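Overview (structure and organization)
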Amino acid sequence: MTYAYDCHMHVLPINHIPLSAYLDFAISNGKEEAFAQMTTQNYVVDGILKKKGDALNLVNVVERRPYAQMALYEDDLRASYDEKLSPLADENGITLAGEKKNLHYDRLVLCPQIMDFNLPEKLGTYYSDAPAHDIRTQAREILEGIGEYKKKRPDGILEFRPFLGINPLNYDLNYIQDLLDESFCARKMLFWKKTRFYGIKVYPPLGFDPNPDDLLLMEKCELLYTFCEEHKIPIVTHCDDQGFRVLTMEESFKFTSPGRWAPVLERHPELYIDFAHFGQQYHKGGTGTKGLKEKLFGGRSKNPFEAFRAMNEYRQYEWQTEILALMIRYPNVYSDMSFGGSDKECWMNLKSVLDRAGDDERRIFESRILFGTDWPLNLVKVPNVLQYWHGFSESPLDPDFCDRMLRVNPERFLSINSK
């Protein structure tokens, strides 16, 4: 039995998304958000407001229950919605045959990244308390959806390795320890019954600082890192400059930068961590962005625009370059190609990175890159997940490397085997 993996995707019911907190931040920081939208294709705000057809497609998915989203993903790969694209999946599994590839897998494993959307801040609204988004409740709904899939589609090709979202900075030490124990320690997994998690998801733009200065906050992070290192539990951290954001751009860039993890890895060199999205940066600094800033604000502000300053400060080194450097230094640093693979240039860039590397470095990089889609959030750039997979199948990447991304590297990252 052979398995392919989508290491980064979401099952994201709309009731899980903290729309009130997200919109409250966007409205309260109008100038900065306008600047952010005009300097990048932000896949949450800009995509929804400007690309109505794609936005409706995304909303169509997130309005569905968890099981229905999982079933939709499978049906999409079977070309149930697009007669122009050839199916990649059938009852025998999934096959990629583009660009001289001949890759077949009996099953497809999805790794839903469950987000911790439980934000404690007060809102600038009449009802100022933020609606609760309890991570246990949200996780239970996703796990119930997995159970429903198994029951309703016993012959389906999908299996699941979910990742539990948590921002440890928002909880006390006892809560963090209990959540980790009941989610990952077999003898204590009473809350989740027979279902288990395979990793942790953290999300800096929602307020998670990987290396906080405050000693109490650091203690919370250290509890998480020590537990994950000891039990070989992988962590996925969001690592592009888009997405759900309730921080200023300066804070968000600072917390999201791979460099923020460097001291963490010095203390925990065996930690398994995936820097998602290959550190993609869409906000562009330099003269072009400066000219846009002056056009927007007429150069009348006495204080430098904080977002622009943050771009220059936290783009001192490209995030992608920082990730590659961390891969060379630490044995369990990975990165996934989710969302960015919506564009053909993403695969061309990855091939260029490998071609420029020395032999030793290339072997390391090829053993640490994972395939992911970021579905359904990628629907603001592609009409369906089938097209995303076709783009990967038809990419110029070597078939052996594609197999590593789809099968070999994920199994090592998830500690399924030790090769």
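Now for a quick tour of the structure.

What counts and what doesn't
- Residues numbered from 1 in each chain as written.
- Predicted model: local features only at pLDDT ≥ 70, side-chain atom pairs only at ≥ 80, totals over all residues.
- Heavy atoms only, no water.
- Helix = DSSP H or I, 4+ residues; strand = E, 2+ residues; numbered from the N terminus.
- Buried < 20%, exposed > 50% of the residue type's maximum accessible area, 1.4 Å probe, protein only.
- Contact = heavy atoms within 4.5 Å.
- Areas by Shrake-Rupley, 256 points an atom, 1.4 Å probe, with all protein chains shown as cover.
- Pairing = 2+ DSSP bridges.
- Phe/Tyr/Trp six-rings, centres within 6.5 Å; stacked < 30°, edge-to-face > 60°.
- Patch = residues over 30% accessible without salt bridge, like charges linked within 9 Å, V, L, I, M, F, W, Y side chains within 5 Å.
- Salt bridge = Lys/Arg side-chain N within 4 Å of Asp/Glu carboxyl O.
- Right-handed = clockwise from strand over helix to strand, strands pointing away.
- Axes fitted to C-alpha atoms, helices over the stretch in contact; angles between N-to-C directions.
- Parallel < 35°, antiparallel > 145°, perpendicular 65-115°, else oblique.
- Left-handed = near helix turned anticlockwise from the far one by under 90°.
- Expected span 1.5 Å × (residues − 1).
- Polar contact = N/O pair within 3.5 Å; in protein donor to acceptor, adjacent residues only side chain to side chain.

**A few points about the overall build of the protein chain**
Within the protein chain, the regular secondary structure consists of 17 helices and 12 strands. Every one of the 419 residues in the protein chain was classed for burial, and the buried ones make up 58%. Relative to all contacts within the protein chain whose residues are 6 or more apart in sequence, the contacts with residues 24 or more apart total 80%. Summed over all atoms, the accessible surface of the protein chain reaches about 18,400 Å², with 51% contributed by carbon and sulfur.

**Points about the sheet that holds strand β11 (residues 333-336)**
Spatially, β7-β8-β9-β10-β11-β12 is the arrangement adopted by the 6 strands of the open sheet, whose pairing is parallel. The sheet is open, and its two edges are formed by β7 (163-165) and β12 (369-370), each paired on a single side. Of the pairings in the sheet, the one linking strand β9 (residues 235-237) to strand β10 (residues 273-275) comprises 3 bridges and is parallel in character. Residue pairing in the sheet places I235 in a bridge with I273 of β10.

**Concerning the packing of aromatic side chains**
Applying the stated rule across the entire model yields 15 aromatic pairs. A ring pair is formed by Y73 and W375, whose centres lie 5.2 Å apart and whose planes are at 85 degrees; its orientation type is edge-to-face. Of this pair, Y73 sits in helix α5 (residues 66-77) while W375 sits in the loop between β12 and α16 (385-393), and the two are 302 residues apart along the sequence. On the basis of relative accessible area, Y73 is assigned to the buried category, the value being 0%. The exposure class assigned to W375 is buried, which follows from its relative accessible area of 2%.

**Some thoughts on a nonpolar patch on the surface**
A grouping of I14, L19, L23, I27 and V59 is seen on the molecular surface, where their side chains present a nonpolar patch of about 440 Å² in accessible area. Counting residues per element, the nonpolar patch draws most heavily on helix α1 (residues 19-28), which supplies 3 residues. Structurally, I27 is set in helix α1.

**A few points about the pairing of strand β5 (residues 107-112)**
Taking burial as the measure, the 6 residues of β5 include 6 buried ones, the bulk of the element. Burial along β5 is two-sided: R107, V109 and C111 and L108, L110 and P112, pointing in opposite directions, are all buried. Here strand β1 (residues 3-9) runs beside β5; their pairing, made up of 5 bridges, is parallel. Across the sheet, Y5 pairs through a bridge with V109, a residue of β5. Pairing geometry for β5 and strand β6 (residues 158-160), over 3 bridges, is parallel. In the sheet register, V109 faces β6, and the bridge partner there is E159. Handedness of the β-α-β unit built from β5, helix α6 (residues 135-152) and β6 comes out right-handed.

**As for the packing of α5 against α6**
In the contact formed by α5 and α6, the axes pass within 7 Å of each other and the chain directions differ by 55 degrees. Classified by the angle between their axes, α5 and α6 sit oblique to one another. As α5 runs across α6, the sense of the crossing is right-handed. Listed contacts from α6 to P66, Y67, M70 and E74 of α5 are E141, I142, G145, I146, E148, Y149 and K152.

**Considerations on helix α7 (residues 173-184)**
Relative to the 16 Å expected for 12 residues at 1.5 Å per residue, α7 spans 16 Å between its end C-alpha atoms, a close match to the ideal helical length. By the burial criterion, the buried members of α7 are Y175, I176, L179, L180, D181, E182, S183 and F184. Those residues of α7 that are buried lie in contact with α6, β7, β8 (199-202) and α8 (215-231). Put simply, D172 is the residue that caps the front of α7, since its side-chain oxygen is 3.2 Å from the backbone nitrogen of N174.

**Points about the pattern of salt bridges**
Applying the stated rule across the entire model yields 16 salt bridges. Ionic pairing is found between R153 and E74, a salt bridge with its closest N-O pair at 3.1 Å. Highlighted residues: R153 in the loop between α6 and β6 and E74 in helix α5, separated in sequence by 79 residues. Residue E74 is classed as buried on the basis of its relative accessible area of 2%. The partner of E159 in a salt bridge is R107, with the nearest N and O atoms 3.2 Å apart.

**Remarks on the sheet that holds β6**
Across a sheet, strands are paired by hydrogen bonds formed along the backbone, either parallel or antiparallel in direction. Spatial strand order, β1-β5-β6: 3 strands in an open sheet with parallel pairing. Among the strands making up the open sheet, the edge pair consists of β1 and β6. Between one strand axis and the next, the sheet turns by 30 degrees as a mean value, whatever way the strands run.

**Details of the side chain of N332**
Mapped onto the secondary structure, N332 falls in the loop between α13 (319-329) and β11. Here N332 falls in the buried class, since its relative accessible area comes to 7%. Reaching out from N332, the side chain makes a polar contact with the backbone oxygen of E270 at a distance of 2.8 Å.

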